[in-house]
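# Architecture and fold: a report
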Amino acid sequence: MAVLPIVRMGNPVLRTAAAPVPQETLAEPATQQWIDDMIETMHDADGVGLAAPQVGVAWQLFVYQAEDDEDPAAGIPLAVIVNPMIEPLAGEPVFDWEGCLSIPDLRGLVPRHPALRLRGVDRHGRPIDRVVEGFEARIVQHEFDHLNGVLFLDRMRDLASLSFLDEWQEFLRGAGDDGPHAKAE
């Protein structure tokens, strides 16, 4: 496996709508290796999610995983989502802190739906249709936004919470409505 370079804000691929991944391309060994490389890149960067545009590929694909050191059973297992669609479910938006591997060292309060229905296919083309909630729903929405050229900064309602990571850790951690999530997506 290889660690891929993560593009940063300013790269046009982050502001471009991604194209669907063709089914025949998904099955190719090179594509499967690239997916493994994306997972390795996410882990290497200490992130909880990574979308294809973040590694310079305008495809509708993202990976995510979140470990819980205190309760491993409470973690979010590794998921590879291809050609996703999301449908928000009932519930008022919840504000919480987000960061992004493509916008290093910044955090801000972002409203997200607390639950949604996620549809798509996995890395082997098998259908996915499930409800995700809480932090997993936040990750999915963040990564889905990347597939549509949207960054978390675009979702912030007030830039007053925008902070550099060091200052966020010292002064603001825990100030969100839903608790802090220090890892970037």
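Quantities reported herein were computed from a predicted structural model and do not represent experimental measurements.

### With respect to the sheet that holds strand E8 (residues 163-164)
- With respect to topology, 3 strands assemble into an open sheet ordered E4-E5-E8, the strand pairing being antiparallel. The sheet is open, and its two borders are formed by strand E4 (94-100) and E8, each paired with just one other strand.
- Pairing geometry for strand E5 (residues 103-112) and E8, over 2 bridges, is antiparallel. Its bridge partner lying in E8, Leu-106 is registered against Phe-164.
- Its contacts with the sheet place helix H3 (residues 134-146) against E4 and E5, and it is angled at close to 55 degrees to E4.

### What about the pairing of strand E2 (residues 61-66)?
- Of all 6 residues in E2, 6 are buried; the element is thus mostly enclosed.
- Side-chain alternation along E2 places Leu-61, Val-63 and Gln-65 on one buried face and Phe-62, Tyr-64 and Ala-66 on a second face that is also buried.
- Across 3 bridges, the pairing between strand E1 (residues 49-51) and E2 is antiparallel. Following the sheet pairing, Gly-49 is matched in E2 by Tyr-64.
- Where E2 lies against strand E3 (residues 76-88), 5 bridges are found, and the strand directions are antiparallel. What sits directly across from Leu-61, in E3, is Val-82.

Cut-offs and rules
- Residues numbered from 1 in each chain as written.
- Predicted model: local features only at pLDDT ≥ 70, side-chain atom pairs only at ≥ 80, totals over all residues.
- Heavy atoms only, no water.
- Pairing = 2+ DSSP bridges.
- Helix = DSSP H or I, 4+ residues; strand = E, 2+ residues; numbered from the N terminus.
- Contact = heavy atoms within 4.5 Å.
- Axes fitted to C-alpha atoms, helices over the stretch in contact; angles between N-to-C directions.
- Buried < 20%, exposed > 50% of the residue type's maximum accessible area, 1.4 Å probe, protein only.

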